[in-house]
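Structural overview
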Amino acid sequence: MAIEHVTDQNFGQETADGLVLADFWAPWCGPCKMIAPVLEEIDGEMEDKVQIVKLDVDENQETAGKYGVMSIPTLLLFKDGKVVDQVVGFQPKEALVELINKHAS
């Protein structure tokens, strides 16, 4: 599965089922650009465990506000529609893999 870009309109349905890692980002954000290739790698290696979605906070402020996103990148991990974990700022691949595995049972 490829990384999907979501909006305020479809965020709820895209995070409703299974394990979903949501990346709250913006095009001007340096750390967001650094984490993008890491997420691409994880998507390629772990697509059977987790779906990755990206939400541009500049264009979708309603969803960012709903989840209290103040800094980007913020990564929220959803399991069946509920937030089960959160990390803020750039994270190395190993930390994100560990985070996903922790909830992938």
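Let me begin by describing the structure that accompanies this report. (Residues numbered from 1 in each chain as written. Predicted model: local features only at pLDDT ≥ 70, side-chain atom pairs only at ≥ 80, totals over all residues. Heavy atoms only, no water.)

**Description of helix α4 (residues 93-103)**
Residues of α4 that are buried include every one of Leu96, Leu99, Ile100 and His103, and no others. Viewed end-on, α4 has its buried residues packed into an arc of 95°, placing them on one side of the element. Facing away from the buried side of α4, by more than 90 degrees, are the exposed residues Glu94, Glu98 and Lys102. Those residues of α4 that are buried are in contact with β2 (19-25), α2 (30-46), β4 (74-79) and β5 (82-88). (Buried < 20%, exposed > 50% of the residue type's maximum accessible area, 1.4 Å probe, protein only. Helix = DSSP H or I, 4+ residues; strand = E, 2+ residues; numbered from the N terminus. Arc of directions from axis to C-beta. Contact = heavy atoms within 4.5 Å.)

**Regarding the state of the cysteines**
Applying the stated rule across the entire model yields one disulfide. Disulfide pairing is shown between Cys29 and Cys32; the S-S distance is 2.3 Å. On the S-S bond that ties Cys29 to Cys32, the torsion sits near 80°, and the link is right-handed. Classification of Cys29 as buried rests on a relative accessible area of 4%. Residue classification places Cys32 among the buried residues on the basis of a relative accessible area of 2%. (Disulfide = S-S within 2.5 Å.)

**Considerations on the sheet that holds β4**
Ordered by their spatial adjacency, five strands build an open sheet running β1-β3-β2-β4-β5, and the pairing between neighbours is mixed. Two strands lie at the open edges of the sheet, namely β1 (4-6) and β5, each paired on one side alone. Averaged over all adjacent pairs, the angle separating strand axes in this sheet is 25°, with direction ignored. Where β4 meets β5, six bridges bridge the pair, whose relative direction is antiparallel. From the neighbouring strand, Thr74 faces β5, where its bridge partner is Val88. Packed on one face of the sheet, α2 meets β2, β3 (51-56) and β4 and runs near 155° to β3. (Pairing = 2+ DSSP bridges. Axes fitted to C-alpha atoms, helices over the stretch in contact; angles between N-to-C directions.)

**Things to note about the pattern of salt bridges**
Applying the stated criterion to the full structure yields four salt bridges. The partner of Lys93 in a salt bridge is Glu41, with the nearest N and O atoms 2.9 Å apart. Remark: Glu41 occurs in helix α2 and Lys93 occurs in helix α4; sequence separation between them is 52 residues. Residue class for Lys93 comes out partly exposed when judged on its relative accessible area of 21%. Classification of Glu41 as partly exposed rests on a relative accessible area of 41%. Across the salt bridge formed by Lys93 and Glu45, the nearest N and O atoms sit 2.8 Å from each other. With a gap of 48 residues between them, Lys93 in helix α4 and Glu45 in helix α2 connect regions that are remote in the sequence. By sharing partners, the salt bridges in this structure join Glu41, Glu45 and Lys93 into a single network. (Salt bridge = Lys/Arg side-chain N within 4 Å of Asp/Glu carboxyl O.)

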